[in-house]
Amino acid sequence: MSTALTAGGDLYRLVGRNLRRETRILDGLIVNTALPVIIMVLFVYVFGGAITTGSSGLAYIDFVVPAVLLMSGGYGAALTAVNIAEDMTGGMIDRFRTLPIAAWAVPAGHVLASVIRNVMACGFALLAAIVLGFRPDASLTDWAWVLVVLVGYVLALSSVAVLWGLLVRSAQAAGAFSFVVLFLPYLSDGVVPAETMPGALREFAYHQPVTPIVATLRSLLLDQPLGTSGWVAAAWLGGTVVLSVPLAAHLFRRRTSS
Amino acid sequence: MNGLHSKALTDSISARGLVKAFGTTRVLDGIDLTVPTGSLLALLGPNGSGKTTTVRILTTLLRPDAGSASVGGFDVSRQGAAVRRTIGLTAQQATVDDLLTGRENLELFAGLYHLGRRRARQRAQELLDRFDLAGAAGRRVATYSGGMRRRLDLAASMVSEPRILFLDEPTTGLDPRSRAELWAVIRDLLASGTTILLTTQYLEEADQLADRVVVINGGRVVADDSPAALKRQVGAERLVLHLARGEDLPRAEAVLGLPPAPRPGPGGLTLGLQDPDHLRRTLDLLHHDGIPVERVELRTPTLDDVFFTLTAATAATPLPRSGGTG
C-alpha cells in the first residue's frame, strides 16, 4: 500500500516536471494551444469551401471537426517520443536511475503528462470549432464518451511514441514519428470522404484506425448512426495500449540496465 | 574482529578484478581499487581509459562482465537499490533539467527522495545556500554558467546526504576560477566525512584533492599511490630541452641515461626535475659531450608526463593521448 502511494507521488512529481517543461518551450506552447486553433480555422475556412462531404450530407465543419480533434491531440502526443528520447540521451536518465523510484515511473510520467496536455489541446480545438459555427448535438453521456475516446487516442499514441522514442535513441529520429501521426488523419474518412479516393487508398482509409475513431466521434457529437465503428475503434485503441505499454516498460528496463 | 569485517568498515568502496567489454572492445581489464571511508580517491586517466565505465559500474548503472565491487558495504550487482540509497553521483553529462530553475530541480529530486513537501523545500534551500546558488535559485538552469551548473549538479547529488559521492570529471571544461570554487566545495564535503571517488584528467586536480591516486590506462591500473609518491616518480617539474641538432637525440638520451621512449615534439627531450641542481647537472653533462642545446623550458607535469613515465617503465603500453571525447 505504502509503496503504491509512494509510486503515485513519484508519478505526480514527474508529470509535474514534464508539464512545467512544456510551458517553457515555445514549441510546446504553440503545439498545445495555437496549433489546434490554426488547424481548425485552416480546414473550415481554407479547405472547407472546396470539399464536398459526399453521401454523409453533413456541413463540412461538422464533417471535419472529429478529424481535427484527433490531429490536435495527436501531434503533441507524437512529440512525446522526442521528450523521452531527450531524457534518455541527455544525462537526466542517470539522475533518475540513481533515485529510489520505480523504473516505470519515468516513461509513465511522460505518457500521463502527454495525455493531460493533449486532451487540453483537443479542448482548444473544440472551442475554436464552436466559435466557428460547429453545433454539436450531444448529451452529457455522449460528451463523457467523447472524452474517453480522445483520452484513449492520445494515450495510445503517447504509448507508441514512448516506444518509438526508446527504440531510436536520438531526439531527431524520434521527431519522425510525428510525421506519421500527422498524416494518418488525411488518409482516413476524416478530412475528405474516403469514398472519393482511388481504390487502394480507399481500402487503406477504411481499414486504418483513424476512420472508425472519427466515425465514433461523429456518432457521439452529431447523433449519427454508430454501426460497428465503436467496437472497431475500441479494439484499435485498447489493443495499441495493451501492446505498447508493457513493451515500452520492457524496453525502458532494457535501455536502463546492462 | 575478523579481517573481512574490519575491511568492510574501513573501506567505503572496494572493487576487485572489474572487467567490462562493449562488443569486442575490452574497456576494463581487471580494475582493483579501494577507497577508505572518509578519504578521496582520484581516478586519473586519459579519455577512453575506462574511468567513466568504472564509475558507472560502482554506481550500479552498468553491470560488470566479471569481478565484484562493494559500495557502502553493499554488493553493486546484487544490492543495487541499497547502493543507490547510499551514494550520490555527479555524472559527466549534466544531470539537471535545463528548463527548470535551480530550486525546482532540487525540490524535484528531494521529492523523488521522498523527503516530504516541507522538508524538500528546506533541503533545497540549504543546498542552494551551501553551494552558493541562492542568488540564481529562481533562474532556469539553461542560463547558468558551466561552474554554476556543476555546483547545482553536485547539490543535486547531495540531496539525500549520501555518505559516498562519485564525481565523474567534475571540473572538465571549467575556467580556473570555477575550478577553484568547485575544489573548495569538494574539500568541504571531504571535511564533513564524505567518502569521495572522483575521476579527472588533470594531475594537478588529483594532487590538490586526493589522498590516493589510481592511474588507469587501457582499462588497467598502471599506478596506485599517494599524489606525493606519484609526483616523486614523475618529477616535480618537467624540464624540456630542445636540441640544436635533431640527430643528437640518441646520444643525448644515452648521456643522460634516459630510456629510449616516445618523446613529445621533434628534437625535444623531456625529463622530470629531481632537485634544484638537476637542471645545472643536465646542461653540464650535455655541454661536456658537445651537444648544443638551443632552448630550455620548465613546466609543471601533466597527465601526459605521468604516462610517459609510467608507460616508459612498462614499455609495451601504447602512447596515450589527451583531448577529444570519451
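Residues numbered from 1 in each chain as written. Chains lettered and ligands numbered in written order. Predicted model: local features only at pLDDT ≥ 70, side-chain atom pairs only at ≥ 80, totals over all residues.

Enquirer: So what's going on with the overall build of chain B? Residues and values would help.
Expert: Along the backbone of chain B there are twelve helices and 13 strands. Put simply, 70% of the contacts in chain B that link residues at least 6 apart link residues at least 24 apart. (Helix = DSSP H or I, 4+ residues; strand = E, 2+ residues; numbered from the N terminus. Contact = placed C-beta atoms within 7 Å.)

Enquirer: Which residues make up the pairing of strand β7 (residues 164-168) of chain B, and what values do they have?
Expert: Residue and element names in this part refer to chain B. Here β7 lies mainly inside the structure; five of its five residues are buried. Of the two faces of β7, both are covered, the one formed by Ile164, Phe166 and Asp168 as well as the one formed by Leu165 and Leu167. Where strand β6 (residues 87-90) meets β7, four bridges bridge the pair, whose relative direction is parallel. Across the sheet, residue Thr90 finds its bridge partner in β7, namely Leu167. Relative to strand β8 (residues 195-200), β7 runs parallel, the two being bridged by five bridges. Its bridge partner lying in β8, Leu165 is registered against Ile196. Between the parallel pair β7 and β8, the chain is carried across by helix α7 (residues 176-191), and the sense of this crossover is right-handed. (Buried ≥ 20, exposed ≤ 12 C-beta atoms within 10 Å, placed from the backbone. Pairing = 2+ DSSP bridges. Right-handed = clockwise from strand over helix to strand, strands pointing away.)

Enquirer: Describe the interface of chain A and chain B, and please don't skip the residues or the numbers.
Expert: By a widely used convention, the size of an interface equals the accessible area lost when the partners come together. Contacts between chain A and chain B engage 19 residues on the former and 22 residues on the latter. Elements with a minimum of two residues in the side of chain A that touches chain B: α1 (2-23) and α5 (92-98) of chain A. Looking at the side of chain A that touches chain B, its residues break down into five nonpolar, five polar and nine charged. (Nonpolar A, V, L, I, M, F, W, Y, C, P; charged D, E, K, R; others polar.)

Enquirer: How would you sum up helix α2 (residues 26-47) of chain A? Please name residues and give values.
Expert: All names here are of chain A. Here α2 spans only 27 Å end to end across 22 residues, well under the 32 Å set by a 1.5 Å rise per residue. Maximum bend of α2: about 45°, positioned at Ala34, with proline Pro36 one to four residues after it. Taken residue by residue, α2 has Val31, Asn32, Pro36, Ile39, Met40, Phe43 and Val44 as its buried positions. (Expected span 1.5 Å × (residues − 1). Bend = angle between axes of the 7 residues up to and from the residue.)

Enquirer: I'd like a description of the sheet that holds strand β9 (residues 212-217) of chain B, backed by residues and values.
Expert: Residue and element names in this part refer to chain B. Taking strand neighbours across the sheet as the criterion, the six strands line up as β6-β7-β8-β3-β9-β10 in an open arrangement whose pairing is mixed. In the strand order of this sheet, the two ends are held by β6 and β10 (220-225), each with one partner. Between one strand axis and the next, the sheet turns by 15° as a mean value, whatever way the strands run. Running at roughly 150° to β7, helix α2 (residues 51-58) makes contact with β3 (40-44), β7, β8 and β9 of the sheet. Contacts from helix α6 (residues 146-157) reach β6 and β7, with the element oriented near 160° to β6. (Axes fitted to C-alpha atoms, helices over the stretch in contact; angles between N-to-C directions.)

Enquirer: An account of unusual backbone geometry is requested, with residue identities and associated values reported.
Expert: Residues and elements named next belong to chain B. The backbone of Thr60 sits at a positive phi, close to 70°, despite the residue not being glycine. Note that Thr60 resides in the loop between α2 and β4 (66-71). In this structure, His114 is a non-glycine residue whose phi angle is positive, near 65°. With respect to the secondary-structure elements, His114 resides in the loop between α4 (102-112) and α5 (117-130). Taking the C-beta count within 10 Å as the criterion, His114 has 16 such neighbours and is therefore assigned partly exposed.

Enquirer: Go over the packing of helix α4 (residues 80-89) of chain A against helix α7 (residues 140-168) of chain A with me, naming the residues and quoting the values.
Expert: The description of two helices packed together rests on the angle between their axes and the distance between the axes. Residue and element names in this part refer to chain A. At a minimum axis distance of 7 Å, the contact between α4 and α7 shows a crossing angle of 40°. Crossing of α4 over α7 shows right-handed handedness. Contact residues: α4 offers Thr80, Ala81, Val82, Ile84, Ala85 and Met88, while α7 offers Ser158, Ala161, Val162, Trp164, Gly165, Leu166 and Val168. Partitioned by chemical class, the residues of the contact of α4 with α7 number ten nonpolar, three polar and no charged. (Left-handed = near helix turned anticlockwise from the far one by under 90°.)

Enquirer: I'd love a proper account of the sheet that holds strand β12 (residues 268-273) of chain B, names of residues and values included.
Expert: Residues and elements named next belong to chain B. Spatial ordering of the open sheet is given by β12-β11-β13, a layout of three strands whose pairing is antiparallel. In this open sheet, the two edge strands, each paired with only one partner strand, are β12 and β13 (293-299). Taking each pair of neighbouring strands and ignoring which way they run, the sheet shows an average axis angle of 20°. The pairing of strand β11 (residues 237-243) with β12 spans six bridges and is antiparallel. By the bridge assignment for β12, Leu241 is matched with Leu269.

Enquirer: Describe in detail the nonpolar core, supporting the description with residues and values.
Expert: Among the nonpolar cores identified, the biggest contains 98 residues, and A:Val68, A:Ala81 and A:Ala125 are the most heavily contacted of them. Residue contributions to this core peak at 14 residues, all from α7(A). The contact partners of A:Val68, leaving out residues within four places of it in the chain, are A:Ile39, A:Met40, A:Phe43 and A:Ala125. Grouped together as the second largest cluster of nonpolar side chains are 48 residues, B:Val27, B:Phe74, B:Ala91 and B:Val222 included. (Core = buried A, V, L, I, M, F, W, Y, C linked by C-beta atoms within 7 Å.)

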